[in-house]
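This is what each chain is made of:
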Amino acid sequence: MSHHGVGHSAPSGARGVGEFAATAGRARPATTARQSNECGTSRRDRQNLARAVGFLAAGVLAVPLLAGCGSDDEGSKPLAGQDIVPVARDAVAEGGTLKMAVDAVPETLNTFQADADAGTTRVAQAVLPSMFTIDATGKPVRNPDYLESAKVIETEPRQVVLYRLNQQAVWSDGREIGAADFAAQWRALSGKDSAYWTARNAGYDRIAQIERGANDLEVRVTFDRPYADWRSLFSPLYPKDVMGTPDAFNDGARRKLTVTAGPFRVDKVDTAKKDVILTRNPRWWGRPAKLDEIDLHAVDRAKRAAALADGTVDVADVDAADADRITVAGREKGTGLPLQGAGKTSAKKLRSWALTLGMDEEKLPKGPKKLRRSIAKWLEQQHELRDFGVRKSLEPAYTQLALNGSEGPLADERVRRAVARALDRKALAKLVLTPLGLPAVPVGSHVALSGQAAYTDGSGAIGGLDTHEAQALLADAGWVAGGPVKAGGKAAGAEDGEKADKKKDDSEQGDESDGGHDGQYIVGEDDKASDMDTRDHQKDHAHGAPGAYAPKGTAAPRGAGAPAGPLAKDGKALSLRFVLPSGPGSETLQAVAGQISQMLDRVGIATEIHKVSDDSYFKDHIAAGQYDLALYSWPSSAFPATDARPIYAKPVVAADGSLNVEQNYTRVGTDQVDQLFDQALGTLDEGEADGLLRKADSRIWASAGSLPLYQRPQLVGARKDLVNVGAFGFQTPVYQDMGFLKKGAKVSPSPSR
């Protein structure tokens, strides 16, 4: 979504929603001027995803329930604060090189292009102007390095914003930042010239005119329509050299940025060494950077702990397993394992030691010699990891259960609502967050997170865990317990998925899980389940849920009053195809999916879990609509009226008959939700806008296409002497303050949380 790092619109499946310093940084567009008829997505959407990355009438719902207010919200502050080891600048040593892990060397340094990624965002934050940045509560704030002031000075007949620039602000070539740069960016991103290969034009398409103000330091921006999120614009701001012509925009800033205006500049992009080198900008007028250099180095997620241990990087996003490994290394003073000697230790004993150490059982080599070498390497890495710590917070992003409402059983809103009422969202949040020591509070909004102004828990519009209500909704939709199933008939919800999988059998054989062919197993097929009272189940979940991922054929226990057999309708059993990524880092999603499957089985909904490769997860399944249930994450945004709308917009049938879904991969939407977003976008009253967004959120809950579960954990492995860097939460990183602790200086032992 927004390029500020608090809301980007590329979803995330197995991996994080970006790098730690980019705070959700897969900078993706919210709108596009050109649409495609392929899978109902735009050219921009297809490129985004290649990286990663009938209804009941709304009127039948009770009006008071949809007033935009849910249960008492906890939105007065973020659930978890920053963990960056903050110190004053005088405690930071001068000089040094900071090596940061990124997922890949950016394909482009232009954040407004479709293949921009988290690395692109990070570079832009360090080297380019941003008129507004994001604070610790997810709110946009004026950036004094570039702006003396920015405010709406006229609303009639049209909205006019006056920017007063910092008189010291200059590009690295010595030219003053001014109206010409603003105008060039507007023309490039307005969507009026298709020669510019832009990924988004949200907001820029509402501008009517940009002109110089009373002097060179003033820029007047006139809008042809009111735009509430005007603060989202010109952040980052590129020089007119990049934005001035289509050729310069399309190709001029992909691998180099000659002219910049931040505390750092781009020294070089080295694709062979997988590095982007940033060095101090000698023309920077603000607080000087403490570091001499920042190296962004591409490191695979599965190799982050090893890269930290061998000094390849100083700081990296890590998964829960690596975070635990770093924490354990900091506590250990020695292993006491007899790896020296004549080598007569049995492979079985060595394997036992390896598992005790926490090594991945699936990756352990066979044979004592290889095992011994593997263990020795592990211990050597553990020794080096003692110099690192884990900094943790919650990402400004949430994981949701997506329900594909375009066809099959989930096209019926009653079935979607039954799924929602069968879920214990608190238990799922505890499953993921409690072991990490983070607040396990379910996310209550689609448009904001706790701490942001628009946040209110709107989940009351759908209701909480109630298995009896779920069963009643299913019965009302015609799904009968023990109903006849036609011999050889496909289960409802799985037929289309099997057609799609047939095309991929050859290409995805390497992704088969222990569950059998094509990574598939079914939860709920065995009717010989042990009885379990629904109330006991609810009581157990009040204290958290086990993380076991049900093995093939495991039947979840059924609650009292649960269906005696599979539900069926029109000769088809009710079974939903649950698609998941299978790559490194997907273990948490798989554990959550296992718990969801068991919860659904208690009300008679069977699930078929299909693990697919990360490369095909979004492109071939989510974007293409080849799933019933899926888990992926959306970043939150400081500008939800702009950035959340395309995620929940009602799909529209194009002239050629294709379905344009924008970024609404659940294919569930209503005219009323669209209208509420449009109204919020067109008011300059922030309180009114927040109220409209809350109403939209309540209606999104009620339609049950997207069920937010939990805020994503943000885990960062960092060298212990690094300061002002780590898990930033909502806030835009301040690159000039990052560095190493000065000798003799001390920091508070507790994180800033």
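Scroll up for the structure.
Residues numbered from 1 in each chain as written. Predicted model: local features only at pLDDT ≥ 70, side-chain atom pairs only at ≥ 80, totals over all residues. Heavy atoms only, no water.

What follows deals with the overall build of the protein. Counting secondary structure elements, the protein contains 20 helices and 24 strands. Relative to its 753 residues, the protein shows a buried fraction of 59%. (Helix = DSSP H or I, 4+ residues; strand = E, 2+ residues; numbered from the N terminus. Buried < 20%, exposed > 50% of the residue type's maximum accessible area, 1.4 Å probe, protein only.)

The strand order across the open sheet formed by 3 strands is β13-β15-β16, and the pairing between neighbours is antiparallel. Lying at the two open borders of the sheet, with one neighbouring strand each, are β13 (480-481) and β16 (572-573). In the sheet, strand β15 (residues 567-569) pairs with β16 via 2 bridges, with the strands oriented antiparallel. Residue pairing for β16: lysine 569 is matched across the bridge by lysine 572. (Pairing = 2+ DSSP bridges.)

All right, on to the pairing of strand β10 (residues 293-298) then. Burial analysis of β10 places 5 of its 6 residues in the buried class, which makes it a mostly covered element. Both strand β1 (residues 97-102) and β10 contribute to a ladder of 6 bridges, which runs parallel. Residue pairing for β10: lysine 99 is matched across the bridge by aspartate 295. In this structure, strand β9 (residues 275-280) lies alongside β10, joined through 5 bridges in antiparallel fashion. Looking across to β10, one finds that threonine 279 is bridged to glutamate 293.

Below, the discussion takes up the pattern of salt bridges. In this structure the tally under the stated criterion is 27 salt bridges. Here arginine 255 ties to glutamate 107 by a salt bridge, and the two come within 3.6 Å at their closest N and O atoms. Placement of the pair is arginine 255 in the loop between α5 (246-251) and β8 (264-270) and glutamate 107 in the loop between β1 and α2 (118-127), with a sequence separation of 148 residues. By relative accessible area, arginine 255 is classed as partly exposed at 35%. By relative accessible area, which is 42% here, glutamate 107 ends up partly exposed. (Salt bridge = Lys/Arg side-chain N within 4 Å of Asp/Glu carboxyl O.)

What follows is about the sheet that holds strand β5 (residues 160-165). Reading across the sheet, the 4 strands line up as β4-β5-β7-β6 and stay open at both edges, with antiparallel pairing between neighbours. Each having just a single partner strand, β4 (147-154) and β6 (207-212) make up the two edges of the open sheet. In this sheet, neighbouring strand axes are inclined to one another by 15 degrees on average, regardless of whether the strands run parallel or antiparallel. Here β6 runs beside strand β7 (residues 218-223); their pairing, made up of 5 bridges, is antiparallel. Bridging across to β7, arginine 212 finds its partner in valine 219. Contacting β5, β6 and β7, helix α3 (residues 179-189) runs over the sheet at an angle of about 160 degrees to β6. (Axes fitted to C-alpha atoms, helices over the stretch in contact; angles between N-to-C directions. Contact = heavy atoms within 4.5 Å.)

This brings us to the side chain of serine 190. Inspection of the secondary structure assignment puts serine 190 in the loop between α3 and β6. Among the polar contacts listed, one links the side chain of serine 190 to the backbone nitrogen of lysine 192, at a separation of 3.3 Å. (Polar contact = N/O pair within 3.5 Å; in protein donor to acceptor, adjacent residues only side chain to side chain.)

A word on α2. With 10 of 10 residues buried, α2 is to be regarded as a mostly interior element. Residues Ala118, Gly119, Thr120, Thr121, Arg122, Val123, Ala124, Gln125, Ala126 and Val127 constitute the buried set of α2. Each element contacted by the buried residues of α2 is listed here: β1, β8, β9 and β10. Capping the start of α2, aspartate 117 holds a side-chain oxygen 3.0 Å from the backbone nitrogen of glycine 119, two or three residues further along.

Okay, the packing of helix α11 (residues 425-433) against helix α15 (residues 587-601) next. In contact at an axis separation of 10 Å, α11 and α15 are set at 155 degrees when each is read in the N-to-C sense. One way to sum up the angle between α11 and α15 is to call them roughly antiparallel. Between α11 and α15 the crossing geometry is right-handed. The residues of α15 that touch α11, namely those facing Ala427, Leu428, Leu431 and Val432, are Thr588, Ala591, Val592, Gln595, Ile596 and Met599. Class assignment for the residues of the contact of α11 with α15 results in 8 nonpolar, 2 polar and no charged. (Parallel < 35°, antiparallel > 145°, perpendicular 65-115°, else oblique. Left-handed = near helix turned anticlockwise from the far one by under 90°. Nonpolar A, V, L, I, M, F, W, Y, C, P; charged D, E, K, R; others polar.)

Our next topic: helix α12 (residues 467-476). Taken together, the buried positions of α12 are Thr467, Ala470, Gln471, Leu473 and Leu474. For α12, the angular spread of buried residues about the axis comes to 160 degrees, placing them on one side. The residue sitting at the N-terminus of α12 and contributing the capping side-chain oxygen is aspartate 466; that oxygen lies 3.2 Å from the backbone nitrogen of histidine 468. Taken from the residues just after α12, glycine 478 is the one with a positive phi, measuring 95 degrees. (Arc of directions from axis to C-beta.)

A few words on the environment of serine 235. In this fold, serine 235 is placed in the loop between β7 and α4 (240-243). Taking relative accessible area as the criterion, serine 235 reaches 1% and is therefore assigned buried. On a C-alpha basis, the gap between serine 235 and threonine 133 in space is 7.9 Å, while along the polypeptide they are 102 residues apart. Of note is the side chain of serine 235, whose polar atom sits 3.2 Å from the backbone nitrogen of phenylalanine 132.

So, on to the packing of aromatic side chains. Taken as a whole, this structure holds 17 aromatic pairs when the rule is applied. On the basis of an interplanar angle of 85 degrees and a centroid distance of 5.5 Å, the ring pair of tyrosine 146 and tryptophan 285 is categorised as edge-to-face. A residue pair is termed long-range when its members are at least 10 positions apart, and tyrosine 146 in the loop between β3 (140-142) and β4 and tryptophan 285 in the loop between β9 and β10 qualify at 139 residues. Ring centres of phenylalanine 182 and phenylalanine 234 lie 4.7 Å apart, and the angle between their planes is 45 degrees; this geometry places the pair in the tilted category. One end of the pair, phenylalanine 182, is in helix α3; the other, phenylalanine 234, is in the loop between β7 and α4, and 52 residues separate them in sequence. Judged by its relative accessible area of 0%, phenylalanine 182 is buried. You can call phenylalanine 234 buried: its relative accessible area is 0%. Taken together, Phe112, Phe132, Tyr163, Phe182, Tyr204, Trp230, Phe234 and Tyr238 form an aromatic cluster joined through their ring pairs. (Phe/Tyr/Trp six-rings, centres within 6.5 Å; stacked < 30°, edge-to-face > 60°.)

Glancing now at the pairing of β8. Summarising the sheet, β8 and β9 pair through 6 bridges and their orientation is antiparallel. Following the sheet pairing, valine 266 is matched in β9 by leucine 278. Linking β8 back to β9 in an antiparallel pair, the connection comprises 4 residues, with lysine 274 at a positive phi of about 60 degrees.

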